Amino acid sequence: MYKFKNQTQKMVLTAAFAAIIIVMANVPFLGFIRLGIISATTLHIPVIIGAVLLGARSGAFLGFIFGSTSCIQATFQPNLTSFCFSPFYSVGELHGNFWSLVVCFVPRILIGVIAYFVFAGLMKVLKGKRKVKETIALPIAGIAGSMTNTILVMGGIYVFFGEQYASVLEIGGVLYKAILAVVVGNGIPEAIVCAILVTMIGKALLHFVEVQ
């Protein structure tokens with residue numbers, strides 16, 4: 001649907017987005033925002049914008065970079081729920097394992113993939129001028145990508161680490177309510193902010209690509 005005038009430009013932009021993700025992940029309260037035992041994130045935003053501009057494969061790669069930074073942070077700057085994201089975290093009865101990598105990487109890789117196909121699909125079915133279609137498709141793609149991260153991460157925690165997660169939160173048999181609270185309380189605000197920023201930044205950057 002979109003293409004760059006040359007592949008060098010695309011490669012440079014992919015590297016730039018990867019660098020932005022790494023920098024954001026290492027700046028306190030920018031990429032990862034600690035909220036007690038959980039962390040909100042803004043790293044899905046460059047993943048989504050990169051996917052929209054560069055395609056599903058690049059979006060998946062940027063999601064992998066996001067997942068890598070998350071795993072590294074959970075290993076070296078852990079909080080009480082870091083076992084969900086790092087197989088190397090072990091404190092008392094809380095242990096990370098193979099499923100930590102699944103929770104950490106799979107949702108993040110799928111952020112870019114789903115955001116791209118939502119955007120591309122809407123651009124095909126919507127009628128009107130390109131700029132109008134982009135104005136509609138970009139925020140929806142942003143919301144889709146953001147909620148993909150939130151729902152799959154929290155769903156993975158529920159499936160693979162439910163008992164340990166409940167013990168950390170000291171919530172007993174109401175784990176699903178805690179998971180739902182995170183999805184609603186963190187996920188929805190993240191999705192709204194993401195939709196706004198993806199629309200603003202995405203519209204500016206789409207001027208540098210041409211319709212295929």
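Look up: the structure comes first, before these words.
Residues numbered from 1 in each chain as written. Predicted model: local features only at pLDDT ≥ 70, side-chain atom pairs only at ≥ 80, totals over all residues. Heavy atoms only, no water.

Student: Describe helix α1 (residues 7-26), and please don't skip the residues or the numbers.
Tutor: Between its first and last C-alpha, α1 extends 29 Å over 20 residues, near the 28 Å set by a 1.5 Å rise per residue. Here α1 has its buried residues at T14, F17, A18, I21, M24 and A25. Viewed end-on, α1 has its buried residues packed into an arc of 130°, placing them on one side of the element. Opposite the buried face of α1, at more than 90 degrees from it, the exposed residues are T8, V12, V23 and N26. (Helix = DSSP H or I, 4+ residues; strand = E, 2+ residues; numbered from the N terminus. Expected span 1.5 Å × (residues − 1). Buried < 20%, exposed > 50% of the residue type's maximum accessible area, 1.4 Å probe, protein only. Arc of directions from axis to C-beta.)

Student: For a nonpolar patch on the surface, give the residues involved together with the corresponding values.
Tutor: Nonpolar side chains collect at one region of the surface, where L180, V184, I188, I192, V193, I196, L197, M200 and I201 lie side by side and expose about 780 Å² of accessible area between them. Along the chain, I201 turns up in helix α6 (residues 175-205). Residue class for I201 comes out partly exposed when judged on its relative accessible area of 36%. (Patch = residues over 30% accessible without salt bridge, like charges linked within 9 Å, V, L, I, M, F, W, Y side chains within 5 Å. Areas by Shrake-Rupley, 256 points an atom, 1.4 Å probe, with all protein chains shown as cover. Salt bridge = Lys/Arg side-chain N within 4 Å of Asp/Glu carboxyl O.)

Student: Can you explain the side chain of K133? Please cite residues and give values.
Tutor: Along the chain, K133 turns up in helix α5 (residues 130-169). It is E134 that comes nearest to the buried, bridge-free K133 among opposite-charge side chains, at 8.5 Å. Setting aside anything within four residues of it in sequence, one finds K133 in contact with M123, L126, K127 and G128. (Lys, Arg positive; Asp, Glu negative; His and termini not counted. Contact = heavy atoms within 4.5 Å.)

Student: Any details on the packing of helix α2 (residues 44-54) against α5? Residues and values, ideally.
Tutor: In the contact formed by α2 and α5, the axes pass within 10 Å of each other and the chain directions differ by 130°. Regarding the angle of α2 to α5, the classification is oblique. In the packing of α2 onto α5, the handedness of the crossing is right-handed. Here H44, I48 and V52 of α2 lie close against α5, whose contacting residues are L138, A141, G142, G145 and S146. Among the residues making up the contact of α2 with α5, the classes are represented as 4 nonpolar, 4 polar and no charged. (Axes fitted to C-alpha atoms, helices over the stretch in contact; angles between N-to-C directions. Parallel < 35°, antiparallel > 145°, perpendicular 65-115°, else oblique. Left-handed = near helix turned anticlockwise from the far one by under 90°. Nonpolar A, V, L, I, M, F, W, Y, C, P; charged D, E, K, R; others polar.)

Student: Quick one: what's the story with unusual backbone geometry, residue by residue and with numbers?
Tutor: With a phi angle near 65°, F29 is a residue other than glycine that sits in the positive phi range. As for its placement among the helices and strands, F29 is situated in the loop between α1 and β2 (32-35). A relative accessible area of 62% places F29 in the exposed class.

The values are spatial; any link to function lies outside them.
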